[in-house]
Amino acid sequence: MSVTPDLSTSLPALRFEIQAQDGEARVGSLTTRRGVIDTPVFMPVGTTGTVKAIRFEQLESDDLDAQIILGNTYHLWLRPGIETIRSCGGLHRFIGWDRALLTDSGGFQVWSLGDLRKITEEGTEFRSHVDGSLQFLSPEVSMEVQAALGSDIVMVFDECAPGNASHEETEKSVGLTARWARRSRVAFDCMQLEGVDTGRVKNSDLSGTQALFGIVQGAGHLDLRRISLQETVEVGFDGYAIGGLSVGEEKSVMFDVIASLTPQMPKTQPRYLMGVGTPQDLVEAVAQGVDMFDCVLPTRNGRTGQAFTSTGKLNVKNARWARDTRPLDEHCGCLVCRRHTRAYLRHLYLAGEMLASILLTHHNLAFFLDTMRGVRQSIRSGDFPKFRREFTERLDANGE
Ligand SMILES: [Zn+2]
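Residues numbered from 1 in each chain as written. Predicted model: local features only at pLDDT ≥ 70, side-chain atom pairs only at ≥ 80, totals over all residues. Heavy atoms only, no water.

Student: Please give an account of the packing of helix α8 (residues 222–235) against helix α9 (residues 251–261) that cites residues and values.
Tutor: In contact at an axis separation of 10 Å, α8 and α9 are set at 45 degrees when each is read in the N-to-C sense. It follows that α8 is oblique to α9 by the angle criterion. Between α8 and α9 lies a crossing whose hand is right-handed. Contacts from Leu-222, Arg-225, Arg-226 and Leu-229 in α8 reach Asp-256, Val-257, Ser-260 and Leu-261 in α9. Along the lines of polarity and charge, the residues of the contact of α8 with α9 split into 4 nonpolar, 1 polar and 3 charged. (Axes fitted to C-alpha atoms, helices over the stretch in contact; angles between N-to-C directions. Helix = DSSP H or I, 4+ residues; strand = E, 2+ residues; numbered from the N terminus. Parallel < 35°, antiparallel > 145°, perpendicular 65-115°, else oblique. Left-handed = near helix turned anticlockwise from the far one by under 90°. Contact = heavy atoms within 4.5 Å. Nonpolar A, V, L, I, M, F, W, Y, C, P; charged D, E, K, R; others polar.)

Student: Let's hear about helix α13 (residues 342–350): which residues, and what values?
Tutor: Working note: α-helix, 3.6 residues per turn, so residues spaced by three or four point in the same direction. Buried within α13 are the following residues: Arg-342, Ala-343, Leu-345, Arg-346 and Leu-348. At its buried positions, α13 is contacted by β17 (312–315), α12 (335–339) and α14 (354–380). Phi for Gly-352, located one or two positions after α13, is positive at around 70 degrees. (Buried < 20%, exposed > 50% of the residue type's maximum accessible area, 1.4 Å probe, protein only.)

Student: I'd like a rundown of the coordination of the zinc ion, residues and numbers included.
Tutor: Six octahedral donors at a metal ideally form angles of 90 or 180 degrees, and four tetrahedral donors ideally form angles of 109.5 degrees. Protein-derived coordination of the zinc ion comes from Cys-332 (SG), Cys-334 (SG), Cys-337 (SG) and His-363 (ND1), at a distance range of 2.1 to 2.3 Å. Angles of 99 to 120 degrees at the metal separate the 4 donor atoms of the zinc ion, which places the site in the tetrahedral class. All donor residues of the zinc ion come from one chain, and their arrangement in sequence is C-x1-C-x2-C-x25-H. Overall, Cys-337 belongs to the buried group, its relative accessible area being 9%. (Donors = N, O, S within 2.8 Å, 3.2 Å for Na, K, Ca; no water. Tetrahedral: all angles 85-135°; square planar, octahedral: opposite > 155°, others 65-115°.)

Student: Please set out the environment of Lys-118 residue by residue, giving values where relevant.
Tutor: Tracing the backbone shows Lys-118 in strand β8 (residues 117–119). Lys-118 sits 198 residues away from Val-316 along the chain, and the two C-alpha atoms are 41 Å apart. Excluding anything up to four places from it in sequence, Lys-118 contacts Gly-123, Thr-124 and Glu-125.

Keep in mind these numbers describe shape, not what the thing actually does.
Written as C-alpha cells, this is what we have:
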C-alpha cells in the first residue's frame, strides 16, 4: 500500500533503533534528516513558530538540549500563511532552527473549535480565529501545508472523537480517520515525488524526504482503538501515534487505552503519545513502551506561575515563598535553579515582569527534558522500575 517516497534511492525517511529495553520501556535513537533524537523524547511545543517565552539558543543549550520541537500546522497556515513561509525557505529557515521539527496536521486544533467547525467526508470547514474568514482543511490541504512548512515529521490529518463519545459516534469517527489516513498517505507521497517539501536534505543514509506518522483514534473504546490501529498499520507509516487522549476522559481510561494498544503496535517503529502530559504521565507511558511525547504543560503553566519540580507542583505566587532563598527545585541543576531564588521568582511574577515567564518556562522545560534523560539512563542500566518508583514517591511525598 505504501509508496516509497524517493524512487531514486528507496532509502527510509527515518531510522529507528532500539538500544535497550527494560520491561516494555525502551531506549533508542531516532535518526531524522536533521539529526539524531534520543528516545524516549519530550518535544517542546512551538505553536506559532516559537516555543513561548524561550529563545532557540536556550533550547539548543546543554541545559535543555531539545532535539526536536513541534510546530502547529493550523496556526502557521492561518498566520503568517504558507506562501510567506515557503518564500522564506520553509519553517526551519523562517524561525531559525536547524534541528528536527514535527508538525501536527491541524486536525486536532480544528476539532477543538467545537461549534465553529463543520466536518464532512471531504474535510473540515471552519472560521479562522484570526480574521473570521471561512477556511477548509482536508487531508490533501494538510499535507500541502506541511510540505510547505518542510517539517521533518508530518502527521496525518485525523478526526478526534470527544473523550466521552459514544461507541456509535466513535465508530463513525474511526472510519473517517482511516479514510483520511489513506488520503493523507496518497497526497503525501505525491508531494514527496513532486519535491514541494521545503525542508529536503541531502543525506547518504536517509531519503532526505519528510517522514509521515499515522494516528490511532477511538476515544476510550478499546475495541475501536484496536480496529483503528489495524487500519492505520495497513496503510503503512514511518511511526504511529496514539491520538485523542487527554481530551477530558478519566486518567484511568487513558492508561487503559495505552496499555491495551502498545503491545499491538509495530515493535520496530516509534510510538508517539500526542498531547500528554504531566511528568508522571510521561514516566508511566514510557513503562508501557511509548517513545515520544509533546505537551504544552511546561510552557503554558510556566506562564501562569506554576513550576514542575521533583517534589511536585509549586505555585510561585504562594505567600510562603516571599522570603524563601531556596531554588525552585533543590534537585534541579538548570540555569534558573543555579542562580535564582523562589523569593525572586515570586516577586517577578507578582510584578508582572516578563522575566517570570521566561525563567519558569526554562526551568519547567529543563525538568521535563531532564526527566526523560533520567528515564533513558535508567532503562540503559536496567534500573527503570526503581527510577519509576522513586520518581513517583518523591512527587507524591510533597507538592502543594
Ligand atoms: Zn531548574
